[in-house]
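Summary of the model geometry
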Amino acid sequence: MRRRLETTAWFMAPFAVILAAWAFVLPLFEVNPRLFPQLSQVIEAARETLADGTLIQHVGASLVRVAVGTTLAIVLAVPLGIAMGVSPVISTFISPLLRFFSVLAGIAWIPIATLWFGYGFGAITFIIFNAVFFIVTYNTLLGVSTIPMPVRNAALSLGAGPLVMLTEVLLPGALPNIVTGIRTGLGFAWRGLIAAEMIATNVGLGYMLFVARDFYRTEVIVLGMVVIGVLWLLIDRLVLAPLERATIERWGMVQRA
Amino acid sequence: MKGLTLRHLSKTYFDPYSGTRVDAIHDVSLQVEAGEFVSVVGPSGCGKTTILNMIAGFLPHSGGDILVGGKPVKGPGPDRGVVFQSFALFPWKTVLDNVAFGPKMRGVARAEREKIAREYLAIAGLSEAAGRYPSELSGGMQQRVGVVRALANDPDVLLMDEPFASVDAQTRMTLQEELTRIWAEKRNTVLFITHDVGEAVFLADRVVVLTKGRVLDEIKVGLPRPRKWDDANKDPEFQRLSAQVLEKVRAA
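Thresholds applied
- Residues numbered from 1 in each chain as written.
- Chains lettered and ligands numbered in written order.
- Predicted model: local features only at pLDDT ≥ 70, side-chain atom pairs only at ≥ 80, totals over all residues.
- Heavy atoms only, no water.
- Helix = DSSP H or I, 4+ residues; strand = E, 2+ residues; numbered from the N terminus.
- Contact = heavy atoms within 4.5 Å.
- Areas by Shrake-Rupley, 256 points an atom, 1.4 Å probe, with all protein chains shown as cover.
- Lys, Arg positive; Asp, Glu negative; His and termini not counted.
- Charge placed at Lys NZ, Arg CZ, Asp CG, Glu CD.
- Buried < 20%, exposed > 50% of the residue type's maximum accessible area, 1.4 Å probe, protein only.
- Pairing = 2+ DSSP bridges.
- Axes fitted to C-alpha atoms, helices over the stretch in contact; angles between N-to-C directions.
- Parallel < 35°, antiparallel > 145°, perpendicular 65-115°, else oblique.
- Left-handed = near helix turned anticlockwise from the far one by under 90°.
- Domains from an automatic or database assignment.
- Buried area = accessible area lost by both parts, 1.4 Å probe.
- Salt bridge = Lys/Arg side-chain N within 4 Å of Asp/Glu carboxyl O.
- Polar contact = N/O pair within 3.5 Å; in protein donor to acceptor, adjacent residues only side chain to side chain.

Attention now moves to the overall build of chain B. Along its length, chain B carries eight helices and ten strands. A principal-axis box enclosing the C-alpha atoms of chain B has dimensions of 50 × 45 × 35 Å. Within chain B, counting contacts between residues at least 6 apart in sequence, those at least 24 apart form 70% of the total. Summed over its atoms, the accessible surface of chain B is roughly 10,900 Å², and 50% of this surface lies on carbon and sulfur atoms. Charge centroids of chain B, computed over 33 positive and 31 negative side chains, lie 4 Å from each other.

Have a look at this one:
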């Protein structure tokens, strides 16, 4: 517990320095608020947008899109990755497509996604799905291929059938890589989300940033950027890290970070 | 308990690097009687692991027959338990769940299979480790789990592929003594692959010397059981048999 607190303290330290500089040094200079806001202005903007509910609305819209797109992507990518991992035929056929589309995954799909789904939820969720799907598929495939042959043979010689093989050997065996894939994919998704929201919607954090620019409201832009970064850290620390601790770290399959 | 029969077993494969066909195993015939412990010893590259992998069903054989209790084997199956050099435990399962895995595959209910697993863990002195994960155990303890995991499934034949080659020398001797003790209790049919002559003689009723994919010779080991290294090291008969096997292996 004490170690955890210490780690957290060290993690916060550089942010504290930046905040302190922002709060105490920046006011000494006359900075044009149209170029960069004072900390007090950003806090005021936070209070304002929290009070009128717009911040919650933007954050909520963004999080729902990420959650839906990511969940859909994982649900489809993991079975595909495992199928590729066990079947050379499927792997040979899909691999070139995977390479091709993993380059395109992300904001390159925005124009056509808006034509297919219109502006808003559908198009943006599609972008997120894309960002996560290919990388999770690839990592699942990688994960299956890292399961040592003797471990698979052991399961077979103990009488495991195809279904047990899938749920009790391949899936847990590939989990370290699947988690890496989800973490990387979520990172891409989060960035893709902001870009897509600047173009293809009228609600969400990306939209909030983009509209604020039109009114030179740098305090809202910076507030949005801070929220984006903090939300990512929270997702990482509160969702992904505990998941890893309970599974692959406990099993000794990866070193504790 | 069933016996294991190899009749004119052969394995030929195509080597893509040299572009030629390689005869890994030529015409190996071997009978392991029900309840007999047979060691197969030979220099590296003699094909001993290939034979084990074919018996286990991990590798198809090119010619001849592999019979367990008179029935030909097709692919891997629970009638042949395997202990691997790399232990091959499931890192994501506790020790108890690793050992209970075989019975689970046979459809044994949870309470019953955990009881079986605990019994076997007790035999190997691992009762305390039941709730731990393999990564938390030493190599010697992991391989104890590997051995009882295979035994808990009550296989007709136990196949062991250099199981103690990757643990330190002290632990290896302890594991060998434990294996003779457990085997004395269970009397499984065992085929034990090793390149260690002393180990082969210490454990077995019979030692088969393999070379270049052929059986070179067989030597009966009539040493009394249970066997202990302290006794074996002083036993002129053990010395004589070891020297005899070593001579064959070196000639191989």
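Another aspect to go through is unusual backbone geometry. Note on backbone geometry: most residues besides glycine have negative phi, and most peptide bonds are trans. All names here are of chain B. Of the consecutive residues R225 and P226, the connecting peptide bond is found in the cis state with omega at 0 degrees. For P226, the position within the fold is in the loop between β10 (214-220) and α7 (229-234). Notably, R187 is not glycine yet its phi reads approximately 50 degrees, a positive angle. Note that R187 resides in the loop between α5 (169-186) and β8 (189-194). Judged by its relative accessible area of 41%, R187 falls in the partly exposed class.

Hydrogen bonds between backbone atoms are what pair the strands of a sheet, whose relative direction is either parallel or antiparallel. Residue and element names in this part refer to chain B. Strand order in the open sheet formed by six strands is β6-β7-β8-β3-β9-β10, with mixed pairing between adjacent strands. Unpaired on one side and paired on the other, β6 (80-83) and β10 mark the two borders of the sheet. Neighbour to neighbour, the strand axes of the sheet diverge by 20 degrees on average, direction disregarded. As paired elements, β6 and strand β7 (residues 157-161) share four bridges and run parallel to each other. Opposite R80, over in β7, you have V157 as the bridge partner. Of the strands in this sheet, β6 and β7 are in contact with helix α4 (residues 139-152), which crosses β6 at around 175 degrees. Of the strands in this sheet, β3 (37-41), β9 (206-211) and β10 are in contact with helix α8 (residues 236-251), which crosses β10 at around 175 degrees.

Turning our attention to the packing of helix α2 (residues 95-105) of chain B against helix α3 (residues 110-123) of chain B. All names here are of chain B. Following both chains from N to C, one finds α2 and α3 inclined at 120 degrees, their axes separated by 8 Å at the closest point. Of the possible angle classes, the one that applies to α2 and α3 is oblique. Relative to α3, α2 is oriented so that their crossing is right-handed. Here V95, L96, D97, V99, A100, P103 and K104 of α2 lie close against α3, whose contacting residues are R113, E114, I116, A117, R118, Y120 and L121.

Looking now at the domain arrangement of chain B. Residue and element names in this part refer to chain B. Domain assignment breaks chain B into domain 1 (4-79 + 155-251) and domain 2 (89-154). Taking the mean C-alpha position of each, domain 1 and domain 2 sit 24 Å from one another. Taken together, the contacts link 18 residues of domain 1 with twelve residues of domain 2. Carbon and sulfur atoms supply 67% of the area buried between domain 1 and domain 2, which totals about 1,200 Å² over both sides. There are one salt bridge connecting domain 1 and domain 2. The closest approach of N and O atoms between E178 and R144, which form a salt bridge, is 2.9 Å. Counting across the domain 1 and domain 2 interface gives three residue pairs in polar contact (both at pLDDT 80 or more). Where the side of domain 1 that touches domain 2 is concerned, the elements lending two or more residues are β7 and α5. When residues of the side of domain 1 that touches domain 2 are assigned to their parent elements, the largest contribution, nine residues, is made by α5.

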